Amino acid sequence: MVDLRVNGRLRRNFRWWIEGERLVVERPARVTEREVQAMVQQIAERAARYLRQQTARSDAELLAHARRLLARYLPERPLLRAAQWSTRQERRHGSCTSGSGVIRVSARLQRYPTWVRDYVIVHELAHLLHPDHSPAFWAVVARYPLAERARGFLIACDLGFAARGDEEY
């Protein structure tokens, strides 16, 4: 679905972004209908390519698990297109591209207890609803019953008390 909007501040360029299932396109006020149609077609193709790239590396098992957590803790059911393990996140536990519905979880968390990984996944899923760290965001994260405990675990790991695979929790 394309949501076409006029932006009086734009002179020649079009702007676009993805919001869930919608492609939002802002256009200048002074362009012909023919130019609009041609540009919207070009932008739609570019957006489709972008989504294919974002979802190509999705991990099926992680995505299925994230969808189970989504169903359990986020009744609002935001759109989740892909979930992937990231080997490039050294300092972050996870990240979310809320517009395209993609979450990434640091691969180093694979050695952490399941309840900690689940907290990070719920945290990233909450960003699908609230891209900030507002009180509304934290209210969604707090639905996960072990949220505070998992945050403490992650803080301890970040301070150098790293979890190793051979330890009991």
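Here the structure is a predicted model, which is why all the values come from computation and not from measurement.

(A) Looking closely at the nonpolar core. Membership of the largest hydrophobic core comes to 31 residues, with the highest contact counts inside it found for Leu 80, Tyr 119, Ile 121 and Leu 125. Listing elements by their share of this core, those giving two or more residues are helix 2 (60–73), strand 6 (102–106), helix 3 (114–129), helix 4 (135–141) and helix 5 (147–158). In this structure, Ile 121 is in contact with Leu 62, His 65, Ala 66, Leu 69, Ile 103 and Val 105, ignoring residues within four places of it in sequence. Within the second largest apolar cluster, 10 residues are counted, among which are Phe 14, Leu 23, Val 31 and Val 36.

(B) The environment of Pro 145, seen in detail. Mapped onto the elements of the fold, Pro 145 is located in the loop between helix 4 and helix 5. Judged by relative accessible area, which is 63%, Pro 145 ranks as exposed. On a C-alpha basis, the gap between Pro 145 and Ser 95 in space is 21 Å, while along the polypeptide they are 50 residues apart.

(C) Layout of a nonpolar patch on the surface. A cluster of nonpolar side chains, contributed by Ile 155, Leu 159 and Phe 161, occupies part of the molecular surface with about 370 Å² of accessible area. Within the secondary structure, Phe 161 is located in the segment after helix 5.

Cut-offs and rules
- Every chain begins its residue count from 1, and numbering advances along the sequence as written.
- Where local features are concerned, this predicted model is filtered to residues with pLDDT of at least 70; where side-chain atom pairs are given and counted, the filter is 80 or more; whole-chain, interface and lining totals use all residues.
- Hydrogens are left out, water is left out, and the side-chain values use all remaining heavy atoms of the structure.
- Throughout this description, the term nonpolar core refers to a set of buried Ala, Val, Leu, Ile, Met, Phe, Trp, Tyr and Cys residues connected via side-chain atoms within 4.5 Å.
- Relative accessibility decides the category of a residue: with a 1.4 Å probe and only protein chains considered, values under 20% of the type maximum give buried, values over 50% give exposed, and everything between is partly exposed.
- Working definition: helices are DSSP H or I runs of at least four residues, strands are E runs of at least two. Numbering for both runs from the N terminus.
- When checking whether two residues touch, look at their non-hydrogen atoms; a contact exists if any pair is within 4.5 Å.
- Here a patch means residues that are over 30% exposed by relative accessible area and free of salt bridges, tied together within 9 Å if like-charged and within 5 Å if nonpolar (Val, Leu, Ile, Met, Phe, Trp, Tyr).
- The Shrake-Rupley method, run with a 1.4 Å probe sphere, supplies the accessible areas, and residue values consider only the shown protein chains as cover.
- One side-chain nitrogen of Lys or Arg within 4 Å of one carboxyl oxygen of Asp or Glu is enough to make a salt bridge.

Any functional reading would require information beyond the geometric quantities listed.
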